[in-house]
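A closer look at the structure
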Amino acid sequence: MRLLTHNMLSSNIKGVTSGFPLRIEVEKMVEKEVELNADFLRNMFAKVEWKALVEASKTLGYTELPDNVEPSMLDSDEFLNRFHHALLELHLEEGALVCPETGRKFPVNKGIPNMLLHEDEV
Amino acid sequence: MRSNIAKIKLVSSHPEVYDPCDDSFALVDALLADRANLIDHRPSICMEIGCGSGYVITSLALLLEKECPGSYYVATDVNPHATTVTRETLEAHGCSAEVVHTDIASGLEKRLARNVDVMLVNPPYVPTPDAEVGCRGIASSWAGGEDGRRVIDRILPVADGLLSDKGWLYMVTLTANNPVELCVQMRKRGYASRIVLQRSTEEESLHIIKFWRDVDALLEANECSEIEKTENGLPHFSPFSFWNYGNRTAN
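The sections below set out a description of the structure shown in this document. (Residues numbered from 1 in each chain as written. Chains lettered and ligands numbered in written order. Predicted model: local features only at pLDDT ≥ 70, side-chain atom pairs only at ≥ 80, totals over all residues. Heavy atoms only, no water.)

So, on to the nonpolar core. Membership of the largest hydrophobic core comes to 105 residues, with the highest contact counts inside it found for F83 of chain A together with M47 and M119 of chain B. Considering each element in turn, this core owes the most residues, eight residues, to helix 3 (residues 55-64) of chain B. Among residues more than four places away in sequence, those in contact with F83 of chain A are L41, F45, V48, W50, L53, L65 and L74 of chain A. (Core = buried A, V, L, I, M, F, W, Y, C linked by side-chain atoms within 4.5 Å. Buried < 20%, exposed > 50% of the residue type's maximum accessible area, 1.4 Å probe, protein only. Helix = DSSP H or I, 4+ residues; strand = E, 2+ residues; numbered from the N terminus. Contact = heavy atoms within 4.5 Å.)

All names here are of chain B. In this structure, L182 sits in helix 6 (residues 179-187). The exposure class assigned to L182 is buried, which follows from its relative accessible area of 0%. Between the C-alpha atoms of L182 and L156, which are 26 residues apart in sequence, the distance is 9.1 Å. With residues near it in sequence (within four places) discarded, L182 still touches R149, I152, D153, L156, M171, T173, N177 and F211.

What follows deals with the sheet that holds strand 3 (residues 105-109) of chain A. Residues and elements named next belong to chain A. Strand order in this open sheet of four strands is 1-2-3-4, and the pairing throughout is antiparallel. In this open sheet, the two edge strands, each paired with only one partner strand, are strand 1 (23-31) and strand 4 (112-113). Packed onto the sheet, helix 4 (residues 77-89) meets strand 1 and strand 2 (90-98) and runs at close to 60 degrees relative to strand 2. (Pairing = 2+ DSSP bridges. Axes fitted to C-alpha atoms, helices over the stretch in contact; angles between N-to-C directions.)

The subject of this paragraph is helix 3 of chain B. Buried residues dominate helix 3 of chain B, accounting for ten of its ten residues. The inward-facing, buried residues of helix 3 of chain B contact helix 1 (22-33), helix 2 (35-41), strand 1 (45-49), strand 2 (72-77), helix 4 (80-92) and strand 4 (116-121) of chain B.

Residues and elements named next belong to chain B. Taken in spatial order, the seven strands make up an open sheet running 3-2-1-4-5-7-6, and their pairing is mixed. Only two strands of the sheet have a single partner each, and these edge strands are strand 3 (98-101) and strand 6 (191-200). Along the sheet, successive strands turn relative to each other by an average axial angle of 15 degrees, direction set aside. Taken together, the nine bridges between strand 6 and strand 7 (residues 205-213) define a ladder with antiparallel strand orientation. Bridge pairing in strand 7 links R194 to K210. Along the sheet, helix 4 makes contact with strand 2 and strand 3, crossing strand 3 at roughly 175 degrees.

Put into structure tokens, the structure is as follows:
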């Protein structure tokens, strides 16, 4: 699971108000190199919750993202490289996503997060 | 030149996962026929709900990989075996899509709201007793309840919430699901629609419907809801007007 996906997931339990961002517990992470696409990154920049991405990257051991950003930074190749790496090349392979409000753990196995709820959570 | 789609021999399988069949092939054929439009569409985020073997999402990723590199693909399934098989199918083709084990799009609905540019749905459309709906094994790939509509009717409002302003939805239906009524229902949500492929097999008559947000449909939908509010009677709405709009703004 890429951090882009982590950035798009929130806790779906009944009664939870925001449920975002899910805290990451890492058992195993992997890095997979993919080609950088600047247009895609520029497009995604507006959709990504930056603070959540910075925190998630740190949890996976990548600390090169700036804490504060503005759209003009998208003109910098160095920034794009870092954004690309954090968003698309870091994968949570085994671990869990934890609801920030209830502490409920959503397991991640073989890179697939399990967001299915129990009957009493729907 | 023949376009690249998923290869059957590379599609992974499992006894509890629905193998690619006529309905999957019809959906991919509809995408192939619409390939030039999809490339012009330049989707950033593509999503499949109910990915099963992964044949369809892998085919979409392969269809667009040259012209639209770097699009983000996410696929969901309620069946845990299907999510594993989809991941294997994607890997066998060298594709990268994200797979989430969930019910329809639960957990993704908030953050992906109004962000999905292309959505694919091959729902459980087979009419069955309602009691068979909601299983998590292979039955979840076909059991559709009364008229095969139980799950379809849950998916459409979710799709409406997820589709971007330019979003397109391709969905497999059967004659028994009443595709014309589905188009009318979606028109009330502001969508134009077109049946882009029809195919009769020995067992079923398949329709692939494409839906997209349409300004005229949206205005009409708003007018209708106003009329419903003020007159509390039948809306002044022709159930077949979408055919004309569908042709005029054909994507």
